[in-house]
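What follows is the residue order along each chain.
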Amino acid sequence: QVQLVESGGGLVQAGGSLRVSCAASGRTFSSYSMGWFRQAPGKEREFVAAITWGGSNTYYTDSVKGRFTISRDNAKNTVYLQMNSLKPEDTAVYYCAAPSRAFTVSTLERAYDYWGQGTQVTVSS
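Residues numbered from 1 in each chain as written. Predicted model: local features only at pLDDT ≥ 70, side-chain atom pairs only at ≥ 80, totals over all residues. Heavy atoms only, no water.

Asks: So what exactly am I meant to see when it comes to the packing of aromatic side chains here?
Replies: For any two aromatic rings, the description comes down to two numbers: the centre-to-centre distance and the angle of the planes. Taken as a whole and judged by the stated rule, the model has five aromatic pairs. With 5.2 Å between their ring centres and 75° between their planes, Phe37 and Tyr112 make a pair best called edge-to-face. Of this pair, Phe37 sits in strand S4 (residues 34-39) while Tyr112 sits in the loop between strand S9 (92-98) and strand S10 (114-115); the two residues are 75 residues apart in sequence, bridging distant segments of the chain. This pair shows no difference in class: Phe37 is buried, exactly as Tyr112 is. Here the aromatic cluster, defined as three or more aromatic residues joined through ring pairs, consists of Phe37, Phe47, Tyr112 and Trp115. Between Arg27 and the ring centre of Tyr32, over which it is positioned, the NZ or CZ distance is 3.4 Å. (Phe/Tyr/Trp six-rings, centres within 6.5 Å; stacked < 30°, edge-to-face > 60°. Helix = DSSP H or I, 4+ residues; strand = E, 2+ residues; numbered from the N terminus. Buried < 20%, exposed > 50% of the residue type's maximum accessible area, 1.4 Å probe, protein only. Lys NZ or Arg CZ within 6 Å of the ring centre and 35° of its normal.)

Asks: Where do I start with the environment of Gln120 in this structure?
Replies: Relative to the assigned elements, Gln120 resides in strand S11 (residues 119-124). Assessed through its relative accessible area of 38%, Gln120 is described here as partly exposed. Taking the C-alpha atoms as reference, Gln120 lies 14 Å from Val48; in sequence the two are 72 residues apart. Those residues in contact with Gln120, other than ones at most four positions away along the chain, are Gly9, Gly10, Thr91, Ala92 and Val93. In terms of polar contacts, Gln120 uses its side chain to reach the side chain of Thr122, at 3.3 Å. (Contact = heavy atoms within 4.5 Å. Polar contact = N/O pair within 3.5 Å; in protein donor to acceptor, adjacent residues only side chain to side chain.)

Asks: Explanation requested: the pattern of salt bridges in the structure shown.
Replies: Note on pairing: side chains with opposite charge can pair once their charged atoms come close. Following the criterion strictly, the structure yields five salt bridges and no others. Taking the shortest distance from any N to any O, the salt bridge between Glu46 and Arg38 comes out at 2.6 Å. The class of Glu46 is partly exposed, set by a relative accessible area of 33%. Salt-bridge contacts for Arg38 lead to Asp90; the nearest nitrogen and oxygen are separated by 2.9 Å. With Arg38 in strand S4 and Asp90 in the loop between strand S8 (78-83) and S9, this pair connects stretches of sequence that are 52 residues apart. (Salt bridge = Lys/Arg side-chain N within 4 Å of Asp/Glu carboxyl O.)

Asks: How do you make sense of the environment of Ser56 when you look at a structure like this?
Replies: Topologically, Ser56 is positioned in the loop between strand S5 (46-51) and strand S6 (58-60). Placed 69 residues apart in sequence, Ser56 and Ser125 show a C-alpha to C-alpha distance of 35 Å. There is a polar contact of 3.1 Å between the side chain of Ser56 and the side chain of Asn57.

Asks: Can you help me understand the state of the cysteines in this one?
Replies: One covalent bond between the sulfur atoms of two cysteine residues makes up a disulfide. Enumeration according to the criterion identifies one disulfide in this entry. Linked covalently through their sulfurs, Cys22 and Cys96 form a disulfide whose S-S length is 2.0 Å. The S-S bond linking Cys22 to Cys96 shows a torsion near 45°; that makes this disulfide right-handed. You can see Cys22 sitting in strand S3 (residues 18-25) and its partner Cys96 sitting in strand S9, a full 74 residues away along the chain. In this structure, Cys22 and Cys96 share a single accessibility class: buried. (Disulfide = S-S within 2.5 Å.)

The following block contains the structure:
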């Protein structure tokens, strides 16, 4: 049973930084890519970032490029999303996600089968 548990959300002022984490369990973490998605109030969930199983390749949606960094620590079974220069429009519930297929990576929500419970990130203006 794959479990994903996010932590680290909170309230921050515009221009500030926040790091969210996602601890995974239930299978060999280092064989699977990981992704972060977010859902703002009244909007559909959207892709934010993804990282390959070894961490060598990362992918970002255009709106966060240069501000957010996805990383992972396979020894700790944890993936991180470092968010800098935060904007009010980054306010959302952030979800980490994992695919069921090993050694694949995607920016598409339908490619991910396991989801965390989400963590709220609120950026005040």
